[in-house]
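# Structural features, examined
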Amino acid sequence: MKPKVLLLLCAALLVAVPSFGQKLKVESGKVDALEGITKLKIVYDYSDLGVGKFEVEDDYIAKKVADMNEDEAGTGDNWKESWFNDRPTRYEPKFEELFTKYAAFIESGQEVDADITMLVHTTFIEPGFNVGVARKSASINLEVSFLKGDSELFKVLLLNAPGSGGVGFDFDTGWRISESYAKAGKSLGKYLTKNLD
């Protein structure tokens, strides 16, 4: 194959494949406001959540439950239970595991007694899919606010945190989404370590 043709083919593939670049953006305040921090209480918020093409999570859930129950009675109801149970059992532990690994100088968690609260607000979830012959990675958007009482010290946005399996065996939606939380936790932990430790 001629080099020009090969180059054009590669360029076409790059355009056709969407990029999945996670972005950390400072929304307000300065990271310096957290200087000297040693403890963080983590709180999660899933209000005002959009999912996939649905602006409102309840609409996504209603459609998913109806479609699944139509195919096989009860499966939609079981799915709905898992959708909510995955938050405390999968997403939050994954986020905290990677955050604490990469920001080891901060004692953090939901049970930590601290003056500063890290509010992790999920604003968007793309569940993705994997049906063997076709797949789409999951991703999440988070607003992370650092609060002292009612005062916001610092706020960052973590946008498009991707979640997928390394070898393509990520058929479980909850697993894909939990990987998005892991990547977001890692990214935020590294950012704080770089800027504070």
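The notes below deal with the structure included here. Along each chain, residue indices are assigned from 1 in the same order as the chain's sequence is written. Totals for whole chains, interfaces and linings use every residue, but because this is a predicted model, local features are given only for residues with pLDDT of at least 70 and side-chain atom pairs only at 80 or more, for both listing and counting. Side-chain metrics rest on all non-hydrogen atoms present in the structure, leaving aside hydrogens and water.

Attention shifts here to the overall build of the protein chain. Strands here mean DSSP runs of E at least two residues long; helices mean DSSP runs of H or I at least four residues long; both are numbered from the N terminus. What the protein chain contains, in helices and strands, is four helices and nine strands. Counting from the amino terminus, the protein chain carries its helices and strands in the arrangement α-β-β-β-α-α-β-β-β-β-β-β-α. Each residue is assigned to one of three classes by its accessible area relative to the maximum for its type, calculated with a 1.4 Å probe on protein chains only: buried under 20%, partly exposed between the two thresholds, exposed over 50%. A burial count over the protein chain gives 38% of its 197 residues as buried. Contact criterion: two residues are considered in contact whenever any of their non-hydrogen atoms come within 4.5 Å of each other. Restricting to contacts in the protein chain with at least 6 residues of sequence separation, those with at least 24 account for 70%. Entry remark: accessible area of the protein chain is about 11300 Å², with carbon and sulfur atoms responsible for 54%. Working definition of accessibility: Shrake-Rupley area with a 1.4 Å probe, residue cover restricted to the visible protein chains.

Across a regular strand the side chains alternate sides, sitting on one face of the sheet and then on the other. Only one face of strand β2 (residues 39–45) is covered, namely the one carrying L40, I42 and Y44; the face carrying K39, K41, V43 and D45 has none of its residues buried. What makes two strands pair is DSSP finding at least two bridges between them. Bridge count between β2 and strand β4 (residues 107–109): three bridges; the pairing is parallel. The residue bridging K41 from the neighbouring strand is G109, located in β4. Bridge analysis of β2 against strand β5 (residues 116–126) gives five bridges, and the strand direction is parallel.

So, about the side chain of S178. Residue position: S178 is located in helix α4 (residues 173–196). What makes S178 buried here is its relative accessible area of 3%. Look past the residues within four positions of S178 in its chain and what remains in contact with it is R90, Y91 and K94.

Attention now goes to the packing of helix α2 (residues 57–71) against helix α3 (residues 75–102). Lines are fitted to the C-alpha atoms to define the axes, a helix being fitted only along its stretch in contact, and any angle between axes, read from their N-to-C directions, falls within 0 to 180 degrees. Where α2 meets α3, the axes come as close as 7 Å, and the angle between the chain directions of the two elements is 140°. Contact residues: α2 offers E57, Y60, I61, K64, V65, M68 and N69, while α3 offers T75, G76, D77, W79, K80, W83, F84 and R87. Charged residues are taken to be Asp, Glu, Lys and Arg, nonpolar residues to be Ala, Val, Leu, Ile, Met, Phe, Trp, Tyr, Cys and Pro, and polar residues to be all remaining types, Gly included. Tallied by class, the residues present in the contact of α2 with α3 amount to seven nonpolar, three polar and five charged.

By convention in these notes, a salt bridge is any Lys or Arg side-chain nitrogen within 4 Å of a carboxyl oxygen on Asp or Glu. Scanning the entire structure with this criterion turns up six salt bridges. Its salt-bridge partner being K94, residue E179 comes within 3.6 Å of it at the nearest N-O pair. Taken together, the positions of E179 in helix α4 and K94 in helix α3 put the pair 85 residues apart, joining distant regions of the chain. When its relative accessible area of 13% is taken as the criterion, E179 is described as buried. The class of K94 is partly exposed, set by a relative accessible area of 25%. The partner of K155 in a salt bridge is E143, with the nearest N and O atoms 3.7 Å apart. Pair noted here: K155 is in strand β9 (residues 151–163) and E143 is in strand β8 (residues 138–148), with a separation of 12 residues, a long-range link.

What follows is about the pairing of β8. Most of β8 is tucked away, with eight of its 11 residues classed as buried. Of the strand pairs in this sheet, β5 and β8 are connected by 10 bridges, and their pairing is antiparallel. Across the sheet, residue T122 finds its bridge partner in β8, namely L142. By the bridge criterion, 10 bridges tie β8 to β9 in an arrangement that is antiparallel. Its bridge partner lying in β9, F146 is registered against F154. Connecting β8 to the next strand, β9, in antiparallel fashion are two residues, including G149 with a positive phi near 65°.

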